Amino acid sequence: MPLVFAAEEQPATKVVTPQSLVTEEEVKAALRLDKGSDALLKSWSMVDFTKKGDNYACVVSSVQVQYSLNQENMEVVYIAKLNPCRHVKDLEKMTSVMFRKESEFYSNLVPELNSVLTEVGQKALRFPKCFHGCMDKNKEVILLEDLRPQGYQMFDRRRGLDVAHITLILKELGRLHASSRLLQAKTPDQDLAVTHDFLVPDIFVDDNMGLRDVFDRQLDQSIELLERFGGYERSIAWVKSLKLEFVQLLTKHLGRSKYNVVCHGDCWNNNVLFRYNDDGEPVEVMLLDLQVNRLSSPATDLIYLMYTSLNGEVRIPNLNTFLDTYYDTFNTVMEAAGMDMIFTRSELLKEFWSMNGLGAIYAMAVVPFVLLEPEDTPDFNKAENMEEILLEVKEKTLEAIDKNPLMKQKFLSVFDEMMDLGLIP
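Taking an unreviewed UniProt entry as the reference, the protein is identified by name as CHK kinase-like domain-containing protein belonging to Petrolisthes cinctipes.

Draft legend 1. How the structure looks around the nonpolar core. One finds Phe-105, Phe-127, Ile-169, Leu-173, Met-306, Phe-330 and Phe-343 to be the most contacted residues of the largest nonpolar core, which totals 114 residues. Among residues more than four places away in sequence, those in contact with Phe-127 are Phe-105, Tyr-106, Val-110, Leu-176, Met-286, Leu-287 and Leu-290. Formed by 23 residues, the second largest nonpolar core is a distinct cluster that contains Tyr-67, Val-76, Ala-80 and Leu-143.

Draft legend 2. Summary view of the side chain of Thr-308. With respect to the helices, strands and loops of the structure, Thr-308 is situated in helix H8 (residues 298–309). Using a relative accessible area of 0% as the deciding quantity, one classes Thr-308 as buried. Side-chain polar atoms of Thr-308 contact the backbone oxygen of Tyr-304, separated by 2.6 Å. Among the polar contacts made by the side chain of Thr-308, one reaches the side chain of Ser-309 at a distance of 3.2 Å. Ignoring any residue separated from it by four or fewer positions in sequence, one finds Thr-308 in contact with Cys-267, Trp-268, Tyr-362, Val-366, Val-370 and Lys-410.

Draft legend 3. Spatial organisation of helix H13 (residues 405–420). With 16 residues, H13 extends 22 Å between its outermost C-alpha atoms, agreeing within 8% with the 22 Å of an ideal straight helix rising 1.5 Å per residue. Here H13 has its buried residues at Met-407, Lys-410, Phe-411, Leu-412, Ser-413, Val-414, Phe-415, Glu-417, Met-418 and Met-419. Backbone geometry just after H13 places Gly-422 at a positive phi near 80°.

Draft legend 4. Quick look at the packing of helix H6 (residues 233–243) against H13. It is the contact of H6 with H13, at a shortest axis distance of 10 Å, that shows an interaxial angle of 95°. In terms of their interaxial angle, H6 and H13 are classed as roughly perpendicular. Residue-level contacts link Arg-234, Ser-235, Trp-238 and Val-239 of H6 to Phe-415, Met-418 and Met-419 of H13. Split into classes, the residues belonging to the contact of H6 with H13 amount to 5 nonpolar, 1 polar and 1 charged.

Draft legend 5. Structural context of unusual backbone geometry. Of note, Asn-138 is a non-glycine position whose phi angle comes to about 65°, a positive value. Inspection of the secondary structure assignment puts Asn-138 in the loop between strand E5 (130–134) and strand E6 (141–145). Take Asn-138: its relative accessible area is 34%, and that puts it in the partly exposed class. A positive phi angle, near 55°, is found at Asp-289, a position not held by glycine. Mapping Asp-289 onto the fold places it in the loop between strand E9 (282–287) and strand E10 (294–296).

How each quantity is defined
- Along each chain, numbering runs from 1 in the same order as the chain's sequence is written.
- Two thresholds apply to this predicted model, a pLDDT of at least 70 for residue-level local features and 80 or more for giving and counting side-chain atom pairs, whereas whole-chain, interface and lining totals are computed over all residues.
- Each side-chain value is derived from all of the structure's non-hydrogen atoms; neither hydrogens nor water enter the calculation.
- To qualify as a nonpolar core, a set must consist of buried Ala, Val, Leu, Ile, Met, Phe, Trp, Tyr and Cys residues joined through side-chain atoms within 4.5 Å.
- Each residue is placed in one exposure class: buried if its accessible area under a 1.4 Å probe, protein chains only, is under 20% of its type's maximum, exposed if it is over 50%, and partly exposed if it falls in between.
- Residue contacts follow a heavy-atom distance rule, with two residues in contact if any of their heavy atoms lie within 4.5 Å.
- Each helix is a run of H or I in the DSSP string that is no shorter than four residues. Each strand is a run of E no shorter than two, and both are numbered from the N terminus.
- Under the rule applied, a polar contact is a pair of N or O atoms within 3.5 Å (in protein, one hydrogen donor and one hydrogen acceptor; residues adjacent in sequence only if both atoms are side-chain atoms).
- To estimate how far a helix should reach, multiply one less than its number of residues by 1.5 Å.
- Where helices are involved, their axes are fitted lines through C-alpha atoms of the stretch in contact, as for all axes, and angles between N-to-C directions lie from 0 to 180°.
- What sets the label is the angle itself: under 35 degrees gives roughly parallel, over 145 gives roughly antiparallel, 65 to 115 gives roughly perpendicular, and the rest give oblique.
- Residue classes follow a fixed rule: Ala, Val, Leu, Ile, Met, Phe, Trp, Tyr, Cys and Pro count as nonpolar, while Asp, Glu, Lys and Arg count as charged, and any other residue, Gly among them, counts as polar.

So, in structure tokens, the structure goes:
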């Protein structure tokens, strides 16, 4: 049952849940920005709609709003991204940083990126509109446009993206990355990381965010899986060597680059929505979940996408074509602005392959979450600390690997590919 409130009425319960973080003042603020100051709130209700496994870092729900405007009764729905209220001390700082990064990205950076694009005759970036953000500690709320009425929907995260889907994402990443170069050109003496300091903290690298332990545990889990499958001794030795330097590798590759662009940071198939035509073909994409945005090499986004969201049989034979699609879109924006391209095709390819270790780490850390069945997804809300979360992830993954052939195939394809390319000695 949804929680329904008339205007000026607030829930009496003192139990703090993610849904209880939304207040009437926040609903009014979103409505005012969306519909104008003449819109009068009549009532609102919280309606959950996501499935277990759809979201990990936050809780996503919806706010159904009844309002009047020009003496007409109307309704609008907002998507609510909410602090998960897990009360896991290890994750509190990370959660706070992630919400600030996403809220400021939508509210401050996207309008500037869209402005420089429209100035040169390019379309605005494909992100949902943001109508409100509350950054109070442990009470974070972001209210966004509901894209479902426009036909946007999630892709099944357990299936690898095909060529049509990945092409749409690559084109939009190219436009995002290029637009940040246009914006930087507006203030050549002032770095974007200064004017938009939320781009600087990186939850994958910062030792205080709690994710280094996640990567370390996932590497241990990968070694255990490879030993279980057998025949992957070279890969096991390589992962063990990677464990000794993965922190340095993350710091090196996710830091500043000579090709700095604004990166999505967490672009995998759960963080995009697609709209389809009558034949079921994807025709438009929307990028979501900007909680890990950063200023870094464009290859970090490309590597993350390729190794978390594609099966080997799609990635391997089409990789050069995919990178060409990305390059051409990036170049189109730069040409429209009369600016020189920041790298050649061969330089982009070299940058991509220089981060192969990063791709393997991403695959080992993320693929188990991608392929778990919804009912097998760990329940992070029951955990009291990071140790419990990591143990449950391991237990669920080891259970799933025996009954889900897709998981074994997708997991092993990364190591097969890197051995074939000579990247694993």
